[in-house]
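Here's the letter readout for the chains.
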Amino acid sequence: MAEPGGNRRGRRSKEEILDATARVMALRGYAATTISTITAETGLPRSAIYHHFRSKGGLLSAVMARGARDFFAAMRTAHRDPPEGGSHRERMAWYLDRTAEVLAAQPDFMRLHFLLLLSDEATEAEVAEMNRRVRDEARAHIRAMISAVFADQGPETARAVAEELDHFTLAGFDGAFLTSQADPERTVATQTARLADALVALGEASAARRKGLSPQLS
């Protein structure tokens, strides 16, 4: 059955609003992005925005929810079918290279996330909860990645190493992305080699401590 034209137009206008809001907020931040700015950007009336989202806070929640959904879906796709065998360093490099590709492809979401983390709005309950969910999901992906790299050490050791390094790894990606924004010649991809070296060294040392061995595992 053909979809009613009004439903198609409604969904199209909703996506246009989300696209424009993500783009403008990533440049200006939440506080400086007004409903008037969005109407000017999209050419849609204020009534259309309030019809879909009811409030500016609701619009921000929708933008972040869609951005997180798309970002982590891209991450799952990028990390599909990892290589079998190889050293810890080779496996870590494979994951980090593909993570760098996703970060480079999703700059608006990442910029908005950092702007919200550093803004006055970060203390508001709704914004703080959104930021927490994004960080938690990011660390879950990181733990899965590190566990896969160190799977040859056994599931318990691999899980423990991943839990020890998830915050450090996230901080490394945060720094790499922010550096790439300040200096475009230093892309995330150009910084992953040293991050891979650091993660492998720390991971092998952690695994060795748990096994009572010297840290020469790769």
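That block above? That's the structure.
The text that follows walks through the structure, step by step, so that each part is easy to find. (Residues numbered from 1 in each chain as written. Predicted model: local features only at pLDDT ≥ 70, side-chain atom pairs only at ≥ 80, totals over all residues. Heavy atoms only, no water.)

### Digging into the overall build of the protein
Point 1. A tally of regular secondary structure across the protein gives nine helices and zero strands.
Point 2. For the protein, the succession of helices and strands along the chain, N to C, is α-α-α-α-α-α-α-α-α.
Point 3. Expressed as lengths along the three principal axes of its C-alpha atoms, the size of the protein is roughly 65 × 45 × 35 Å.
Point 4. Residues counted as buried form 44% of the 218 residues belonging to the protein.
Point 5. Residue pairs in contact within the protein that sit at least 24 positions apart in sequence constitute 65% of those at least 6 positions apart. (Helix = DSSP H or I, 4+ residues; strand = E, 2+ residues; numbered from the N terminus. Buried < 20%, exposed > 50% of the residue type's maximum accessible area, 1.4 Å probe, protein only. Contact = heavy atoms within 4.5 Å.)

### Examining the environment of Asp136
Point 1. Along the chain, Asp136 turns up in helix H7 (residues 125-149).
Point 2. Taking relative accessible area as the criterion, Asp136 reaches 27% and is therefore assigned partly exposed.
Point 3. A sequence separation of 31 residues divides Asp136 from His167, and the C-alpha atoms of the two residues are 9.9 Å apart.
Point 4. Side-chain polar atoms of Asp136 contact the side chain of Arg139, separated by 2.8 Å. (Polar contact = N/O pair within 3.5 Å; in protein donor to acceptor, adjacent residues only side chain to side chain.)

### Description of the pattern of salt bridges
Point 1. Tallied over the full model, the rule gives 17 salt bridges.
Point 2. Residue Arg89 is joined to Asp197 by a salt bridge in which the shortest nitrogen-to-oxygen separation is 2.6 Å. Of this pair, Arg89 sits in helix H5 (residues 88-105) while Asp197 sits in helix H9 (residues 188-211), and the two are 108 residues apart along the sequence.
Point 3. Classification of Asp197 as partly exposed rests on a relative accessible area of 41%.
Point 4. When the shortest N-O distance is used, the salt bridge between Glu164 and Arg210 registers 3.0 Å. Placement of the pair is Glu164 in helix H8 (residues 155-182) and Arg210 in helix H9, with a sequence separation of 46 residues.
Point 5. Among the residues examined, Glu164 registers a relative accessible area of 37% and is labelled partly exposed.
Point 6. Overall, the relative accessible area of 46% leaves Arg210 in the partly exposed class.
Point 7. Linked through salt bridges whose partners overlap, the residues forming this network are Glu129, Arg132, Arg133, Asp136, Arg139, Arg143 and Asp166. (Salt bridge = Lys/Arg side-chain N within 4 Å of Asp/Glu carboxyl O.)

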